[in-house]
Structure formats: C-alpha cells, structure tokens
Amino acid sequence: MITPATLRRTVSAALEEDAPWGDLTSTALLPRSAQATADLIAREPGVFSGGEVFAAAFTLTDPNVQVDLLVSDGERFKTGDVLASVSGSARSLLTAERVALNFTQRMSGIATLTATYVDTVDGTGVRIADTRKTTPGLREFERHAVVSGGGSNHRRSLSDAVMAKDNHLAVLRQNGQDLAAALRDALSRLPHTTHVVVEVDRLDQIPAVLDGGAHTVLLDNFTLDDLRGGVAVIAGRAIAEASGGVTLDTVRSIAETGVQVISVGALTHSARALDLGLDLRID
C-alpha cells in the first residue's frame, strides 16, 4: 500500500526535478486558455500498476485536471487498450506527462514481470516475493507494483524483521559466537511478533538455524538437489525460502523442490519499463 504521504512526497519531488522553474516549452508556446484531452494507451500487453501515481502527477501539477482511470491496478490489458484519460489545461497535461508516464511504465513493467513469474509457478502453492533490491526512494511504489502482479512483499526495511545474512554470520564466527545461541539470545530480547530469517548457503548450516528458533530458513543459491535436501532437513520446523539467481527458466523447477517462498530480486532491479504512451486527442 502506498501511503498518501509517500505518494505526495515522491511525486512532488519528481515534478520538481523535471520542472524546477516551470515548463519553459509549454508556457512559451501554448496559450494559457488552451484545453486538451489525452489517453494513456498500451503499446504492448501487460499488467497495470500505478494508477494513483499516474493521477497524482497531473493533480499535483494542477488540481483542476480531470483524471479517469479505466483499468485497476492488477488488471491485465492488451495492446491498444485505453488505460486512462486526462483532460484539462494543455500546459498542465504536457508538464506532468513525462513524470506520469515514467512512474506508470516502471510500475506496470514490474507488475507484468511479477505476473509472469507467478504464472510460471501456478499450481505449486509457492509464493513469489520481492527483495530490498529496489530503486532508492521508490520502494513503496515498486513493492505496490509487485503486489499488483500477484506477488508478495518481503520485509519492507531493515527495521521490520531480523534477517541474518552471510556477513552477519561471518561476524558471529569471527567473534567466536555460536549461531544457535546467538539466535536464542536475540529472540529472548525481541518482541514476540518479530520474524527471524536466517540465510544459509550450505546444508550443514541448517540444524543450528533451526535450533536457534528461526522462523524462516533462506536457502541461498542452492542447487535443486540441495534445495530438496534443505526442505527435508527443515521438515516443517520453519518456512523454507529459496533465493539467489532465480530466473523465469529456473523458477518452476525451484518451486517443485518443496520450498514455500521464492524471493526474486529481478522483479524490481531488472524489470523493463512497459511501453505506454499518452496520446493527445485531435478533434
């Protein structure tokens, strides 16, 4: 969910970046009284995301602009579909156009890629999740887009869950600390609602993680055989999550090993912006 404060702050910052002293072209060339209507057109099929962000780009530029969203976030569309329409001051529409498109193309690209991953593991019961590999400042938008595509969100930030990764474990080893004991100590001091995830890259690390009481064991860059072995060792004592180098070619095979969650950094760091255009209606 994108909070109203984040929506306003992020879109306003983008508008200020794009037109710090106004839109020189529109104000120099277009009559102040000129009105226009434009349609958001899909130039390729996909899954829509970012409707409220698209609308905010126009209404924060000019509260008198009318925005009509014709599809909902998470809805699939075809090439040529009209996804939204905007009408109002021609100057305002052209000033906000690029920011509106940048956000919506990016978010719809993430939603579309996520939906492809979700479709690929259909029937396995596995959850496709994002990671913290997001564009700085745009995490809420990108996480929203993942959900639009049928995916799930991982922890939002470093403040939301304990997630011990390889470098955390290396520091513990360097200081001669036992992993299971360190986890039990942490759990004794944390609120009972705190979720604890531990990343491992070898099968022999799993027993200590389970003994320490972790809620999720993240099997990082495991082979398919080792994933199956890891699931067998975990044996339902924790959530089994797979991550690392997941692609559309491998995600189905990974899902079939018995893991419950597959986290995919590519959903946000490698999604291609979808080709959407804002076409002015010429009467």
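In case you missed it, the structure is sitting above this.
Structure report, in brief.

Okay, the overall build of the chain next. Each helix and strand counted, the chain has 11 helices and 12 strands in total. Each of the three principal axes of the chain carries a C-alpha extent, and together these read 70 × 35 × 25 Å. Counting every position in the chain, which comprises 283 residues, the buried fraction comes to 48%. The long-range share in the chain, meaning contacts at least 24 apart out of those at least 6 apart in sequence, stands at 72%. Accessible surface, the chain as shown: approximately 14100 Å² in total, 51% of it carbon and sulfur. Where the 26 positive side-chain charges of the chain centre and where its 35 negative ones centre are 4 Å apart.

This part is about the pairing of strand E1 (residues 35-42). With six of its eight residues buried, E1 lies for the most part within the structure. With seven bridges connecting them, E1 and strand E5 (residues 82-89) associate as antiparallel partners. The residue of E5 that forms the bridge with glutamine 35 is serine 89.

This brings us to the side chain of threonine 131. Counting through the fold element by element, threonine 131 comes out in the loop between strand E6 (127-129) and helix H5 (139-148). Threonine 131 sits in the buried class, given a relative accessible area of 16%. Once residues lying within four places of it in the same chain are set aside, the contact partners of threonine 131 are His154, Ser263, Val264 and Gly265.

What the largest pocket holds in volume is close to 420 Å³. Residue assignment for the lining of the largest pocket shows that the elements contributing at least two residues are strand E7 (162-164), strand E9 (216-220), strand E10 (239-243) and helix H11 (266-269). When grouped by side-chain class, the residues that make up the lining of the largest pocket number eight nonpolar, 10 polar and eight charged. For the second largest pocket, the calculated volume is near 300 Å³. Those elements giving two or more residues to the lining of the second largest pocket turn out to be E6 and E10. Its residues assigned to classes, the lining of the second largest pocket comprises five nonpolar, five polar and four charged.

A few words now on the sheet that holds E1. Reading across the sheet, the four strands line up as E3-E5-E1-E12 and stay open at both edges, with antiparallel pairing between neighbours. Of all strands in the sheet, those bounded by a partner on one side alone are strand E3 (66-69) and strand E12 (276-280). Direction aside, neighbouring strands of the sheet carry axes that sit 15° apart on average. Relative to E5, E3 is paired through four bridges, and the arrangement is antiparallel. Note that in E5 the partner of glutamine 66 across the bridge is serine 87. Set on the sheet, helix H3 (residues 51-61) makes contact with E1, E3, E5 and E12; between it and E3 the angle comes to about 170°.

Each pair of packed helices can be described by the angle between their axes along with the distance between the axes. The contact between helix H4 (residues 90-120) and H5 brings their axes to 7 Å, and the two run at 40°. In this view, H4 runs oblique relative to H5, as classed from their interaxial angle. Remark: the crossing between H4 and H5 carries right-handed chirality. Facing H4, whose interface residues are Phe103, Arg106, Met107, Ile110, Ala111 and Thr114, H5 presents Phe141, Glu142, His144, Ala145, Val146 and Ser148. Here the contact of H4 with H5 is built from residues that sort into seven nonpolar, three polar and two charged.

Here is what the cut-offs are and how they apply
Residues numbered from 1 in each chain as written. Predicted model: local features only at pLDDT ≥ 70, side-chain atom pairs only at ≥ 80, totals over all residues. Heavy atoms only, no water. Helix = DSSP H or I, 4+ residues; strand = E, 2+ residues; numbered from the N terminus. Buried < 20%, exposed > 50% of the residue type's maximum accessible area, 1.4 Å probe, protein only. Contact = heavy atoms within 4.5 Å. Areas by Shrake-Rupley, 256 points an atom, 1.4 Å probe, with all protein chains shown as cover. Lys, Arg positive; Asp, Glu negative; His and termini not counted. Charge placed at Lys NZ, Arg CZ, Asp CG, Glu CD. Pairing = 2+ DSSP bridges. 1 Å grid on protein atoms, 1.4 Å probe; cavity = no way out; pocket = protein on both sides within 12 Å on 5 of 7 lines; lining within 4 Å. Points joined across faces, edges and corners; volume = space filled by probe spheres on them. Nonpolar A, V, L, I, M, F, W, Y, C, P; charged D, E, K, R; others polar. Axes fitted to C-alpha atoms, helices over the stretch in contact; angles between N-to-C directions. Parallel < 35°, antiparallel > 145°, perpendicular 65-115°, else oblique. Left-handed = near helix turned anticlockwise from the far one by under 90°.

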